Amino acid sequence: MPDRDRDVLVLVALRELTYEEVAQALDIPFGTVGSRLDRVRRKLRARLGDVNPMLGETHG
């Protein structure tokens, strides 16, 4: 996973920052935060076999 995608994921998921806070922290546009987060979520779901680890269900 590219560092830029991982940085967004960590700040949102672990640090619980808002998209606006992440945009400010990384000096990127607000919309880029959402795009990167969407991309990394899709990659993680694919690697997990399309299983939502929070629900234990498949989504496809």
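Relevant structure appears above.
Just so we're clear, the structure is a prediction, and the values are computed from it rather than from any experiment. (Residues numbered from 1 in each chain as written. Predicted model: local features only at pLDDT ≥ 70, side-chain atom pairs only at ≥ 80, totals over all residues. Heavy atoms only, no water.)

Q: Sorry, what's going on with the side chain of Asp 5 here?
A: Following the sequence through the fold, Asp 5 ends up in helix H1 (residues 3-14). Under the relative-accessibility criterion, Asp 5 is labelled buried at 1%. Residues contacting Asp 5, with those up to four places away along its chain left out, are Arg 36, Arg 39, Val 40 and Lys 43. (Helix = DSSP H or I, 4+ residues; strand = E, 2+ residues; numbered from the N terminus. Buried < 20%, exposed > 50% of the residue type's maximum accessible area, 1.4 Å probe, protein only. Contact = heavy atoms within 4.5 Å.)

Q: Would you mind going over the side chain of Arg 36 with me for this structure?
A: Assignment of secondary structure puts Arg 36 in helix H3 (residues 30-47). Of the side chains with opposite charge, Asp 5 lies nearest to the buried Arg 36, which makes no salt bridge, at 4.5 Å. Beyond its immediate chain neighbours, meaning those up to four positions away, Arg 36 contacts Arg 4, Asp 5, Val 8 and Ile 28. (Lys, Arg positive; Asp, Glu negative; His and termini not counted. Salt bridge = Lys/Arg side-chain N within 4 Å of Asp/Glu carboxyl O.)

Honestly, it's all geometry; don't read function into it.
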